[in-house]
Amino acid sequence: MAGYSRLQFIFFLFLLASMCAVQVSMAGGKGSIKKLRDCYPACDFRCSKADIPYDCELICEQCCFRCFCVPSGTSGNKEECPCYSTVALPNRVATCP
């Protein structure tokens, strides 16, 4: 009986370790931001070709602060940041650029 519970415990530890490894491998992917101060240059680049760059940067920064992610490039690629592509800002018609 003691051997069976030890096997369960080892399996549980293996399962827990593999779940943590998956989370770590998914964090830090393309577009992810490690520190909030990194949002500013990422949004500057993201909005560099926008018609109204100042507004774009403000919205982008709010999205980045919530999601810790800004998609690569100046448009598109929102699939890189699932949170970024679904967040809707209060009192704004626009979503994250």
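The rules behind these values
- Here the residue index of a chain counts from 1 through its sequence in written order.
- Given that the model is predicted, a residue must reach a pLDDT of at least 70 before its local features are reported, and side-chain atom pairs must reach 80 or more before they are shown or counted; all residues, however, enter totals for whole chains, interfaces and linings.
- Neither water nor hydrogens contribute to the side-chain values; these are computed over all heavy atoms in the structure.
- In DSSP terms, a helix is any run of H or I states spanning at least four residues, a strand is any run of E spanning at least two, and both are numbered starting from the N terminus.
- Only heavy atoms matter for contacts: two residues are in contact if any of them lie within 4.5 Å across the pair.
- In this analysis, rings of Phe, Tyr and Trp, with Trp reduced to its six-membered ring, are considered paired at centre separations within 6.5 Å, and the interplanar angle assigns stacked below 30 degrees, edge-to-face beyond 60, and tilted for intermediate values.
- Only protein chains enter the area calculation, which uses a 1.4 Å probe; residues under 20% of their type maximum are buried, those over 50% are exposed, and those in between are partly exposed.
- Axes here mean lines fitted to C-alpha atoms, for a helix over just the part in contact, with angles spanning 0 to 180 degrees between N-to-C directions.
- Angles below 35 degrees are treated as roughly parallel, those above 145 as roughly antiparallel, those between 65 and 115 as roughly perpendicular, and all remaining angles as oblique.
- Take the far helix as your reference; a near helix turned counterclockwise from it by less than a right angle gives a left-handed crossing, and one turned clockwise gives a right-handed crossing.
- Amino acids are sorted into nonpolar (Ala, Val, Leu, Ile, Met, Phe, Trp, Tyr, Cys and Pro), charged (Asp, Glu, Lys and Arg) and polar (every other residue, Gly among them).
- The arc in question is the one traced by the directions running from the helix axis out to the C-beta atoms.

Asker: What is the right way to look at the environment of serine 32 in this model?
Answerer: You can see serine 32 is positioned in the loop between α1 (2-26) and α2 (39-46). For the pair serine 32 and cysteine 64, spaced 32 residues apart in the sequence, the C-alpha separation amounts to 9.0 Å. Apart from residues no more than four positions distant in its own chain, serine 32 is found in contact with Phe68 and Cys69.

Asker: I'm lost on the packing of aromatic side chains in this one. Help?
Answerer: For any pair of aromatic rings, the description rests on two quantities: the centre-to-centre distance and the angle between the ring planes. Under the counting rule described, the total for this entry stands at 1 aromatic pair. For the pair tyrosine 40 and phenylalanine 65, a centre-to-centre distance of 5.8 Å together with 75° between the ring planes defines the contact as edge-to-face. Remark: phenylalanine 65 occurs in helix α3 (residues 53-67) and tyrosine 40 occurs in helix α2; sequence separation between them is 25 residues. What makes phenylalanine 65 partly exposed here is its relative accessible area of 33%.

Asker: I tried to follow the packing of α2 against α3 on my own but got confused; where do I start?
Answerer: A packed helix pair is summarised by two numbers, namely the angle formed by the two axes and the spacing between the axes. One can describe the packing of α2 onto α3 by two numbers: an axis separation of 9 Å at closest approach and a directional angle of 135°. Between α2 and α3, the interaxial angle falls into the category oblique. Along this stretch, α2 crosses α3, giving a crossing that reads as right-handed. Residue-level contacts link Cys39, Tyr40, Cys43, Asp44 and Arg46 of α2 to Glu57, Cys60, Glu61, Cys64 and Phe65 of α3. Looking at side-chain class alone, the contact of α2 with α3 contains 6 nonpolar, no polar and 4 charged residues.

Asker: What exactly am I supposed to notice about α2 here?
Answerer: One full turn of an α-helix is made of 3.6 residues, so residues set three or four places apart face in the same direction. For α2, every residue scored as buried is listed here: Cys39, Cys43 and Arg46. Buried residues in α2, looked at end-on, bunch into an arc of 55°, giving them a common side.

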